[in-house]
Amino acid sequence: MNTIYATHVHGDEKFDVDSLFAVTENILQRATHLVDNVVLGTKTQQEHLDEKVPKASFNPPSCTLKALSCEMSCKAPGEEIAHKTTLSILNKLAHYSWDAKAVLTLAAFALDYGDFWLLADLHSSDQLAKSVGILKRVPVVLKRPGLQKYGKAIVELNNLIKATLEVIESIFELEKLTVYDTKDVPALAGAMDRIPVDVYWAITTVVACTTQMCCITGDEGKKQELSPFAQKINVILNVLRRTIKLAYEQIDVIEAYRKLKKIFQTPSEVMEVFKALFFHKDAEPSLIDGSTNKLVSIDVLKKKDVLFFISSLNITIEEISILKPVYDGISKKDQHKIVWIPIVENWTDELRKKFEVLRSKVPWYTVQYFSPVVGIKFIKEEWNFKNKPIVVVINPRGKVEHPNALHIIKVWGMKAFPFTKEAEDVLATKEDVMEDIMVGVNPRSPVVIKDDKYIFLYGGKDNEWIQQFTKKATALANDPAIKEARISIELVLVGKNEKGQDDVGILGRFWDKMESFFFSKTEKKTEPDAVTREIQKLLSYKNESGWAVLSKGSKVIFTGHGTTVMKVVDELEKWKGYVREIGFEIIFKQYHDKVIEVNRPCSRVDIPLGVGKIPEHMHCPHYPRVMETYISFKCCHVDGALNSLH
């Protein structure tokens, strides 16, 4: 590679390389076609071959072509000689671009190759062609026993010329794609670096083909072995074909992204948005109606508000079921529709089977397709899709009403209807959120929340802490001073089933709802309110030994770390005398604040990728300072989607 690069000078040697390639391609396509007819006995006509038209002003570089032809002609066979000849050609063409070097060399070869086979075609009917053909040894090659002797070598040579022509054509195509940024079309990055080496091999192969042609027409009993060149050129050709195919796929994504940006700037109809997002232009858009399991036209979305439920196939049945109450609610109104869009970049038979299993659980509409989604770049960049489910709400005019309503659906369900930003803003002002958050967390033993009752929600990683807190909080709830003040306290242990065993499902739903509430609030530009700060504290205690939330009815009073809240409960005797005078919730919180001044546990909030737009910074819920940012990786060794399916 260093040797090849050393031959190149970044100069300004310019000529009409496109026209030269057009003429060269015309010559070689017709010449190789003629060879197939003569040697293989095929009878196909040349009329079907495309004729490339050079510019009218094209002036071929005749002297350069003759010099290159002389450089390649009458060389002894051998790979080493072909290599030296190629380096000599590259040095002669030092100031030309890489694609121009390849085309000039190929054109010099085409000049002689086309000349030979033109004479072969005309020599029986034209006296001038016959005479010139004798000097070119055309009759010696094409008449018996010459054709029998050289037929196989001519076919091998002809096939290699076709492959080399396609390699240079592919290099041209890649060069034209350089108008795109490699950040947008990463397939081009490595390909452009390889072009000088690909050009070297194309020129070396042309040199070898020239030598073989000389051996055939010279009848000197020598032969140029072409198989090493054929192997190399075919490998290069396969790589170039794959690269170009991948580049065009990536360009389609870019063009779809630009088109979608434009559509969403001036939206017109939800169906147009739907087609542009998910279907290729030649595809026939259709949906599967989950309630009937039949294909239906996308016209069912016309003039409707549509909830696009977008996810990967790594989704659990439980995640799908989150939308079931919404589906039941909107089915009565018929103005809103849900469409599931599974995002799969490379479909396989296994993924198709998985899709069918999941689809059978979906009562709403599903996109029926097994090719990559056209608008994948737009969905990822504009709607922050990172393989976690999102729900994008679009009105009948194609305008986005909410970029991800899944958070408010998880917390409030149909109370968030019609799932717009305006509906979310109304819900965001509520302080009594605990009832909404706890609905569905433990379906077998739902928490009953009454306005005049205090509730300690608690849990943690340390069973010993849980046992101690249960014992001491129970004593607090039954203390005579608390009873005399008519304070009713209920204890709710989160994450345990009826038998007192850990329940991953309950914990998962609890934290999922807490996170959804928090993310819904933090997507706003305003400073977090008191309730949001308490939920943030709770999330920061998610992986601690213990935590507790005190609420009165549905209103969150405070959130405490296991260490500090245990100390407050343990030291009941020091503050219970103030309950009648100040009030239970006020004195409990005040005493907790004193404890926190001495014991300051770290505050940490883990935000999973894919939940939506990540805040640029986050303030500590305990103190007025910006929290530090870390990146962590986590694996719980569980594939939720597969477990749920079984």
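Looking at an unreviewed UniProt entry, one finds the chain named Protein SIEVE ELEMENT OCCLUSION B-like and attributed to Juglans regia.

### Observations concerning the sheet that holds strand β10 (residues 547-552)
The strand order across the open sheet built from four strands is β9-β8-β10-β11, with neighbouring strands paired in mixed fashion. Only two strands of the sheet have a single neighbouring strand rather than two, namely β9 (489-493) and β11 (555-561). Sheet twist, expressed as the mean angle between neighbouring strand axes with direction ignored, is 20°. Summarising the sheet, strand β8 (residues 454-459) and β10 pair through six bridges and their orientation is antiparallel. By the bridge assignment for β10, Y458 is matched with A548. Sheet strands in contact with helix α22 (residues 530-540) are β10 and β11, and its direction is about 30° off that of β11.

### Some words on the confidence of the model for the chain
Scored by pLDDT, the chain comes out at a mean of 85, with 88% of its residues at no less than 70. Predicted confidence for residues 636-646 stays below pLDDT 50, and this span has 14 contacts to residues more than four positions away or in other chains.

### Digging into the packing of aromatic side chains
Tallied over the entire structure, the rule returns 32 aromatic pairs. Summarising the aromatic geometry, the rings of Y454 and F584 are spaced 5.0 Å apart at their centres and angled 70° between planes, so their arrangement reads as edge-to-face. Placement of Y454 in strand β8 and of F584 in helix α26 (residues 584-598) is noted, with a sequence separation of 130 residues between them. Of the residues examined, Y454 reaches a relative accessible area of 5% and is grouped as buried. Judged by relative accessible area, F584 falls into the buried class, the value being 1%. Among the aromatic residues, those joined into a cluster by ring pairs are Y454, F456, Y458, W465, F469, F558, W575, F584 and F588. The ring of F417 carries the charged tip of K333 above its face, separated from the ring centre by 5.1 Å. Here the basic side chain of K377 rests over the ring of Y257, its NZ or CZ set 5.1 Å away from the ring centre.

### Some remarks on helix α13 (residues 324-331)
Within α13, the full set of buried residues consists of V326, Y327, G329 and I330. The arc that holds every buried residue of α13, seen down its axis, measures 165°, which confines them to one face. Looking at the packing, one finds that the buried side of α13 touches β3 (305-311), β4 (336-342) and α16 (406-412).

### Let's talk about the packing of helix α3 (residues 62-72) against helix α5 (residues 98-122)
The interhelical angle for the contact between α3 and α5, taken along N-to-C directions, is 80°, at an axis separation of 8 Å. As summarised for this structure, α3 and α5 are arranged roughly perpendicular, according to the angle between their axes. Residues T64, L65, L68, S69 and M72 of α3 form the contact with α5, whose own contacting residues are L104, T105, A107, A108, F109, L111 and D112. Among the residues forming the contact of α3 with α5, the class breakdown is eight nonpolar, three polar and one charged.

### What to know about the sheet that holds strand β1 (residues 287-289)
Pairing is mixed in the open sheet, where seven strands are placed in the order β2-β1-β5-β4-β3-β6-β7. Edge positions in the sheet fall to β2 (294-296) and β7 (400-402), since each has one partner strand and no second. Taking each pair of neighbouring strands and ignoring which way they run, the sheet shows an average axis angle of 35°. Bridge count between strand β6 (residues 390-394) and β7: two bridges; the pairing is antiparallel.

### Quick look at the pairing of β10
With five of six residues buried, β10 lies mostly within the body of the structure. In sequence, β10 turns back onto β11 through a hairpin of two residues, with G553 there showing a positive phi of about 60°.

### Side note on the pairing of β3
The element β3 is extensively covered by neighbouring structure, given that seven of its seven residues are classed as buried. Here β3 shows two buried faces, one formed by D305, L307, F309 and S311 and the other by V306, F308 and I310. When β3 meets β4, the two strands line up parallel, connected through seven bridges. Looking across to β4, one finds that D305 is bridged to H336. Of the pairings in the sheet, the one linking β3 to β6 comprises five bridges and is antiparallel in character. Among the inter-strand pairings, F309 is bridged to a residue of β6, identified as V391.

### Re the nonpolar core
In terms of nonpolar packing, the biggest core is built from 86 residues, with F274, L277, F308, I310, V339, I341 and W383 touching the most fellow members. When near neighbours in sequence (up to four residues on either side) are disregarded, L277 contacts L260, F264, F308, V373, V374, G375, F378, I379 and W383. Core analysis: the second largest hydrophobic core is formed by 79 residues, A102, A187, I236 and A247 among them.

### With respect to the side chain of H336
Inspection of the secondary structure assignment puts H336 in strand β4. H336 sits in the buried class, given a relative accessible area of 9%. If we ignore the near neighbours within four places in the chain, the residues touching H336 are D305, L307, I330, F417 and P418.

Rules used in this analysis
Residues numbered from 1 in each chain as written. Predicted model: local features only at pLDDT ≥ 70, side-chain atom pairs only at ≥ 80, totals over all residues. Heavy atoms only, no water. Pairing = 2+ DSSP bridges. Helix = DSSP H or I, 4+ residues; strand = E, 2+ residues; numbered from the N terminus. Axes fitted to C-alpha atoms, helices over the stretch in contact; angles between N-to-C directions. Contact = heavy atoms within 4.5 Å. pLDDT = per-residue confidence, 0-100. Phe/Tyr/Trp six-rings, centres within 6.5 Å; stacked < 30°, edge-to-face > 60°. Buried < 20%, exposed > 50% of the residue type's maximum accessible area, 1.4 Å probe, protein only. Lys NZ or Arg CZ within 6 Å of the ring centre and 35° of its normal. Arc of directions from axis to C-beta. Parallel < 35°, antiparallel > 145°, perpendicular 65-115°, else oblique. Nonpolar A, V, L, I, M, F, W, Y, C, P; charged D, E, K, R; others polar. Core = buried A, V, L, I, M, F, W, Y, C linked by side-chain atoms within 4.5 Å.

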